[in-house]
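Topology and contacts: notes
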Amino acid sequence: MSTTPYLMTINGRGVATPDSIRVVNPANGQVFERAPRAMTEHLDAAVDAARAAFPRWRATSLEQRQALLASCAAKIEEHADELTALFTREHGRPLAQAREEILGAAGWLKASRYLKVPVDVTEDSKTRRVEVHHEPLGVVCAIVPWNFPVLLAAWKIMPALLAGNTMVLKPSPFTPLCTLRIGALLGEVLPPGVLNVICGGDELGPMMTAHPGFAKITFTGSTKTGKRVMEAAARDLKRVTLELGGNDACIVMPDVNLDEVAESLFFGAFYNTAQVCVATKRLYIHESIYDALRDRLHAIARKTKVGDGTEADTVFGPVQNRLQYRRVMDLLGDARANGLKLLEGAPVPQGDGYFIPLTLVDNPPDDSRVVVEEAFGPVLPLLKFRDVDEVVERANRTEYGLAGAVWSADVEQAKAIAHRLDTGTVWINQNLQSTPFTPLAGHKQSGFGVENGVAGLLEFTVPKAIFIPKRAD
Ligand code: NAD
């Protein structure tokens, strides 16, 4: 048996595995812990437990489920200090922002009290009433990436369980520990089998999506993997919700107050070391303010500390894992090889940590890799534009369609531009906002289906129309 204290939670019990995976601290590149490596029998046991728990769970009332989810939130809050420290260690993000994610996940679970599965009445005539109920699907397979491992798990747990489903949840192999710990904590609150957390290497995701015991897959990750998930789901027509990659454009109009907006624009791109699906990944700046804003952003980058997340003055941590570090370095290498002008921020710690300086790319061509690809790391292309039609066309010229932003003193003008962006979300004079009540829906290859809000809740249900006759008086 593996010797890690972090166990999987299957049917309410902690489960160890014979083999384990290594967990690395990205601030120093060192293995500091191990996590279980699930094999087929663990997956089968988790699915069996979730299936066995489903009939009783779906029969609980909405109010009971809301109350239990609120107790889950309280458990996470009680253990926020421990989870925050663990989060920074496995993820790299500075402590204060790590705490934001832990408490944000608890907040998401609590928000269940304001959500309910609706019953639609499509006819209520003299002769009959037609009610459309939204019933739970069964056992949900939830697969989560490493960039927001805890919050994105909560985005799935809350609506799936609230709608009456049970779940088997898998964290990314890069960030398994907080999720395993939360699985154990929530196992103290929820009936056995309602939420099972398993963990493993690269082989586990495909094993899960191929498993016939799941009725639904909810997946957040890259577009490339999302396509594989959809293919696997097709075999037995599992329902899927896919939240995938983005290459979000942010458009800055000439009438903004540069002193007021520069810092927000910067954080909208670089928060979490730019490992945010809805981060600004292409910053379009009107030509009349381009040089001034570029210089302000560069000045902010030069004074922003990138370092170990446990140090109090660190603003951004390392890239979360070696694979992603290599991808971003490759993108930067390509930019250099093509003679693009890179504006680097503050120097980063040397050593084995996955640190990359915050880097602005000064007006690269539209077809350069740094513009076309989702960097998912601290590289931000700044792009000059002249007029609205042109910038809208360039912003939409991508296979992605997750989110976008428009900054302008003229909110009406910004709204008009927002309507022309082919994305599921547009922020005006703000960024990175999401709420449990607002659907997040990737357009084009950024997703399939919806997370959050009533629309996201309904993704965990199937409609059932009941035709009820009325007695003629
Ligand atoms: P990834 O696709 O490599 O992995 C995501 C998860 O899928 C991990 O748990 C991984 O173990 C698992 N997985 C890998 N191969 C699988 C397979 N064949 N079948 C099933 N599961 C498999 O993504 P990542 O690198 O962890 O995350 C970064 C990506 O996620 C970025 O593209 C980012 O934009 C996207 N993302 C999207 C959202 C959103 O809401 N749209 C949110 C966060 C991240």
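Along every chain, residues carry numbers that run from 1 in the direction the sequence is written. Confidence filtering applies because this is a predicted model: local features only for residues at pLDDT of at least 70, side-chain atom pairs given and counted only at 80 or more, and all residues used for totals across whole chains, interfaces and linings. Side-chain metrics rest on all non-hydrogen atoms present in the structure, leaving aside hydrogens and water.

This brings us to the side chain of H211. Secondary structure counts use DSSP, requiring at least four H or I residues in a row for a helix and at least two E residues in a row for a strand, with both numbered from the N terminus. Mapped onto the elements, H211 comes out in the loop between α7 (204-210) and β10 (216-220). Burial classification: accessible surface area is computed with a 1.4 Å probe over protein chains only, and a residue below 20% of its type maximum counts as buried, one above 50% as exposed, and the rest as partly exposed. A relative accessible area of 13% places H211 in the buried class. The contact partners of H211, leaving out residues within four places of it in the chain, are L43, D44, V47 and K238. Contacts are assigned to residue pairs that have any heavy atoms within 4.5 Å of one another.

UniProt positions are given in the numbering used here, feature names are shortened, and annotations may be inferred rather than shown by experiment. Under the present numbering, the feature "domain: Aldehyde dehydrogenase" (unreviewed entry) in UniProt falls on residues 19-465. From the first C-alpha to the last, residues 19-465 spans 48 Å; its make-up is 40% helix and 21% strand.

The next subject is the domain arrangement of the chain. Start and end points for every domain follow an automatic or database-based domain assignment. When cut into domains, the chain gives domain 1 (8-244 + 446-465) and domain 2 (249-436). With 31 residues of domain 1 at the contact, the number on the domain 2 side is 30 residues. For the pair domain 1 and domain 2, the summed buried surface comes to about 2400 Å²; carbon and sulfur atoms form 58% of the total. Buried area: the sum, over both parts, of the accessible surface (1.4 Å probe) that disappears when the two are put together. When the buried surface of domain 1 facing domain 2 is broken down by residue, P26, W146 and S446 rank first, second and third, together holding 23% of it. Here a salt bridge means any side-chain nitrogen of Lys or Arg lying within 4 Å of a carboxyl oxygen belonging to Asp or Glu. Counting across the interface, domain 1 meets domain 2 through zero salt bridges. N or O atoms within 3.5 Å of each other form a polar contact, as long as, within protein, one can give a hydrogen and the other can take it, and as long as residues adjacent in sequence are counted only when both atoms are side-chain atoms. At the surface where domain 1 touches domain 2, the tally comes to 12 residue pairs in polar contact (both at pLDDT 80 or more). Looking at the side of domain 1 that touches domain 2, the elements that each hand over two or more residues are α3 (80-91), α4 (95-110) and α5 (149-162). Top element by residues in the side of domain 1 that touches domain 2 is α4. It accounts for four residues. Residues of the side of domain 1 that touches domain 2, tallied by class, amount to 14 nonpolar, 13 polar and four charged. Note that Gly is not counted as nonpolar here; it falls among the polar residues with everything else outside the nonpolar set of Ala, Val, Leu, Ile, Met, Phe, Trp, Tyr, Cys and Pro and the charged set of Asp, Glu, Lys and Arg.

This part covers the pairing of strand β11 (residues 239-243). Both faces of the sheet carry side chains from a regular strand, because those side chains alternate between them. Most of β11 is tucked away: four of the five residues are buried. DSSP-based pairing: two strands are paired if at least 2 bridges between them are found. Pairing of β10 with β11, which is carried by five bridges, proceeds in the parallel orientation. Considered in β11, the bridge of T220 is made with E243. In the classification by handedness, the crossover that spans β10, the intervening helix α8 (residues 223-234) and the parallel β11 is right-handed. Where β11 and strand β19 (residues 447-448) come together, two bridges link them in antiparallel fashion. Note that in β19 the partner of E243 across the bridge is G447. When the strands point away from the viewer and the connection leading from the first strand across the helix to the second strand turns clockwise, the crossover is called right-handed.

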